[in-house]
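# Summary of the model geometry
Listed below are the residues making up each chain.
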Amino acid sequence: YGGHMSSSEWKDHAKDVLESADKYGLKHLKIEAEAWHVEHLKIRLNNVIDTLIYAESNNCFLLKEAAIDFIVTNADEVLASDSFKTIPESKSITQDILSSVAKNIGARKEGNKDNIKSDRTHLLSINDLRAELYAKGEDFDGSREMLIARLK
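Okay, so let's go over this structure. Not measured: the values here are computed from a predicted model.

What counts, and at which threshold
- Residues numbered from 1 in each chain as written.
- Predicted model: local features only at pLDDT ≥ 70, side-chain atom pairs only at ≥ 80, totals over all residues.
- Heavy atoms only, no water.
- Axes fitted to C-alpha atoms, helices over the stretch in contact; angles between N-to-C directions.
- Helix = DSSP H or I, 4+ residues; strand = E, 2+ residues; numbered from the N terminus.
- Parallel < 35°, antiparallel > 145°, perpendicular 65-115°, else oblique.
- Left-handed = near helix turned anticlockwise from the far one by under 90°.
- Contact = heavy atoms within 4.5 Å.
- Nonpolar A, V, L, I, M, F, W, Y, C, P; charged D, E, K, R; others polar.
- Buried < 20%, exposed > 50% of the residue type's maximum accessible area, 1.4 Å probe, protein only.
- Arc of directions from axis to C-beta.

### A look at the packing of helix α3 (residues 48-57) against helix α4 (residues 61-73)
- Close contact between α3 and α4 brings their axes to 8 Å; oriented N to C, the two are set at 150°. When the axis of α3 is compared with that of α4, the two are roughly antiparallel. The hand of the α3/α4 crossing is left-handed. Residues V48, I49, T51, L52, Y54, A55 and E56 of α3 lie in contact with α4, whose contacting residues are L63, K64, A67, I68, F70 and I71.
- Split into classes, the residues belonging to the contact of α3 with α4 amount to ten nonpolar, one polar and two charged.

### A word on helix α8 (residues 144-151)
- All of the buried residues in α8 are R144, L147, I148 and L151. Taken end-on, α8 shows its buried residues confined to a sector of 95°, consistent with a single buried face.

### Focus on the environment of T121
- Examined against the element boundaries, T121 turns out to sit in the loop between α6 (91-108) and α7 (126-135).
- The exposure class of T121 is buried, given its relative accessible area of 13%.
- Linking T121 and L151, residues 30 residues apart in sequence, is a C-alpha distance of 8.1 Å.
- Residues in contact with T121, not counting those within four places in the same chain, are L129, I148, L151 and K152.

Here it is, written out as C-alpha coordinates:
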(Lines give C-alpha, C1' and ligand atoms only; values in the text may rest on other atoms or scores of the structure.)
Protein backbone atom coordinates (compact mmCIF):
# COMPACT_ATOMS: atom_id res chain seq x y z
CA TYR A 1 0.00 0.00 0.00
CA GLY A 2 1.49 3.30 -1.08
CA GLY A 3 -1.15 5.80 0.03
CA HIS A 4 -3.42 5.35 -2.98
CA MET A 5 -5.31 2.42 -4.44
CA SER A 6 -7.27 2.29 -7.65
CA SER A 7 -10.92 1.32 -7.62
CA SER A 8 -10.11 -2.13 -8.99
CA GLU A 9 -7.45 -2.64 -6.29
CA TRP A 10 -9.95 -1.67 -3.61
CA LYS A 11 -12.49 -4.05 -5.12
CA ASP A 12 -9.99 -6.91 -5.07
CA HIS A 13 -8.30 -6.18 -1.74
CA ALA A 14 -10.59 -4.09 0.50
CA LYS A 15 -11.16 -6.92 2.98
CA ASP A 16 -7.46 -7.81 3.07
CA VAL A 17 -6.47 -4.19 3.64
CA LEU A 18 -9.14 -3.79 6.29
CA GLU A 19 -8.09 -6.91 8.18
CA SER A 20 -4.37 -6.05 7.98
CA ALA A 21 -4.96 -2.45 9.04
CA ASP A 22 -7.01 -3.64 12.03
CA LYS A 23 -4.37 -6.22 12.95
CA TYR A 24 -1.53 -3.67 12.88
CA GLY A 25 -3.45 -0.74 14.38
CA LEU A 26 -3.49 1.45 11.27
CA LYS A 27 -6.70 3.27 12.19
CA HIS A 28 -6.92 5.70 9.27
CA LEU A 29 -6.29 2.97 6.71
CA LYS A 30 -8.75 0.64 8.43
CA ILE A 31 -11.45 3.30 8.40
CA GLU A 32 -10.72 4.17 4.78
CA ALA A 33 -10.97 0.50 3.78
CA GLU A 34 -14.10 0.02 5.82
CA ALA A 35 -15.74 3.12 4.32
CA TRP A 36 -14.89 1.92 0.80
CA HIS A 37 -16.32 -1.49 1.63
CA VAL A 38 -19.55 -0.01 3.02
CA GLU A 39 -19.95 2.35 0.06
CA HIS A 40 -19.47 -0.36 -2.58
CA LEU A 41 -20.93 -3.46 -0.93
CA LYS A 42 -24.51 -4.15 -1.88
CA ILE A 43 -26.09 -5.43 1.31
CA ARG A 44 -28.92 -7.75 0.45
CA LEU A 45 -31.02 -10.36 2.19
CA ASN A 46 -28.68 -13.13 1.04
CA ASN A 47 -25.53 -11.52 2.50
CA VAL A 48 -26.66 -9.36 5.42
CA ILE A 49 -26.05 -11.92 8.16
CA ASP A 50 -22.64 -12.90 6.77
CA THR A 51 -21.79 -9.19 6.53
CA LEU A 52 -22.90 -8.64 10.12
CA ILE A 53 -20.85 -11.58 11.40
CA TYR A 54 -17.80 -10.42 9.40
CA ALA A 55 -18.16 -6.88 10.71
CA GLU A 56 -18.55 -8.05 14.30
CA SER A 57 -15.52 -10.33 14.13
CA ASN A 58 -13.28 -7.70 12.49
CA ASN A 59 -14.24 -4.63 14.53
CA CYS A 60 -15.85 -2.97 11.51
CA PHE A 61 -18.36 -0.76 13.28
CA LEU A 62 -19.43 1.24 10.22
CA LEU A 63 -20.02 -1.97 8.24
CA LYS A 64 -21.85 -3.47 11.20
CA GLU A 65 -24.07 -0.40 11.38
CA ALA A 66 -24.87 -0.68 7.65
CA ALA A 67 -25.84 -4.35 8.08
CA ILE A 68 -27.96 -3.58 11.13
CA ASP A 69 -29.68 -0.69 9.37
CA PHE A 70 -30.55 -3.11 6.56
CA ILE A 71 -31.91 -5.61 9.12
CA VAL A 72 -34.05 -2.95 10.82
CA THR A 73 -35.32 -1.54 7.53
CA ASN A 74 -36.14 -5.00 6.14
CA ALA A 75 -37.06 -6.71 9.41
CA ASP A 76 -39.95 -8.77 8.06
CA GLU A 77 -37.89 -10.35 5.29
CA VAL A 78 -34.81 -10.82 7.47
CA LEU A 79 -36.77 -12.46 10.28
CA ALA A 80 -38.36 -14.87 7.79
CA SER A 81 -35.03 -15.81 6.20
CA ASP A 82 -33.11 -18.98 6.96
CA SER A 83 -29.89 -17.01 7.40
CA PHE A 84 -31.36 -15.10 10.35
CA LYS A 85 -31.37 -18.35 12.31
CA THR A 86 -27.56 -18.42 12.06
CA ILE A 87 -27.04 -15.05 13.71
CA PRO A 88 -24.81 -15.53 16.74
CA GLU A 89 -26.01 -14.61 20.20
CA SER A 90 -24.16 -11.42 20.95
CA LYS A 91 -24.85 -8.70 23.47
CA SER A 92 -23.25 -6.06 21.24
CA ILE A 93 -25.28 -7.09 18.17
CA THR A 94 -28.47 -7.00 20.23
CA GLN A 95 -27.60 -3.58 21.66
CA ASP A 96 -26.73 -2.21 18.23
CA ILE A 97 -29.97 -3.50 16.69
CA LEU A 98 -31.97 -1.89 19.51
CA SER A 99 -29.97 1.32 19.09
CA SER A 100 -30.82 1.36 15.39
CA VAL A 101 -34.50 0.82 16.18
CA ALA A 102 -34.35 3.69 18.70
CA LYS A 103 -32.59 5.88 16.13
CA ASN A 104 -35.40 5.21 13.64
CA ILE A 105 -38.10 5.88 16.24
CA GLY A 106 -36.28 9.04 17.33
CA ALA A 107 -36.13 10.26 13.75
CA ARG A 108 -39.88 9.73 13.39
CA LYS A 109 -40.56 11.64 16.61
CA GLU A 110 -38.33 14.53 15.50
CA GLY A 111 -41.33 16.80 15.15
CA ASN A 112 -42.46 16.10 18.71
CA LYS A 113 -39.77 17.80 20.82
CA ASP A 114 -41.37 16.72 24.12
CA ASN A 115 -40.51 13.06 23.46
CA ILE A 116 -36.85 13.55 22.59
CA LYS A 117 -33.97 13.57 25.05
CA SER A 118 -31.88 16.71 24.92
CA ASP A 119 -28.76 14.51 24.53
CA ARG A 120 -29.22 12.86 21.15
CA THR A 121 -25.73 11.33 21.02
CA HIS A 122 -27.19 7.83 21.27
CA LEU A 123 -29.09 8.44 18.01
CA LEU A 124 -26.04 9.43 15.95
CA SER A 125 -24.67 7.10 13.28
CA ILE A 126 -21.15 5.71 13.56
CA ASN A 127 -20.14 8.12 10.78
CA ASP A 128 -21.55 11.11 12.67
CA LEU A 129 -19.94 10.02 15.94
CA ARG A 130 -16.60 9.60 14.17
CA ALA A 131 -16.93 13.02 12.52
CA GLU A 132 -17.62 14.74 15.86
CA LEU A 133 -14.68 13.00 17.52
CA TYR A 134 -12.39 13.79 14.59
CA ALA A 135 -13.37 17.46 14.78
CA LYS A 136 -12.45 17.44 18.49
CA GLY A 137 -9.11 15.77 17.78
CA GLU A 138 -10.17 12.63 19.67
CA ASP A 139 -9.65 8.98 18.75
CA PHE A 140 -12.48 8.07 16.38
CA ASP A 141 -12.15 4.29 16.08
CA GLY A 142 -14.13 1.94 18.24
CA SER A 143 -17.55 0.58 19.00
CA ARG A 144 -20.66 2.75 19.26
CA GLU A 145 -20.43 2.63 23.06
CA MET A 146 -16.77 3.69 23.02
CA LEU A 147 -17.45 6.57 20.63
CA ILE A 148 -20.40 7.83 22.68
CA ALA A 149 -18.37 7.62 25.90
CA ARG A 150 -15.59 9.70 24.32
CA LEU A 151 -18.07 12.41 23.31
CA LYS A 152 -19.52 12.76 26.82
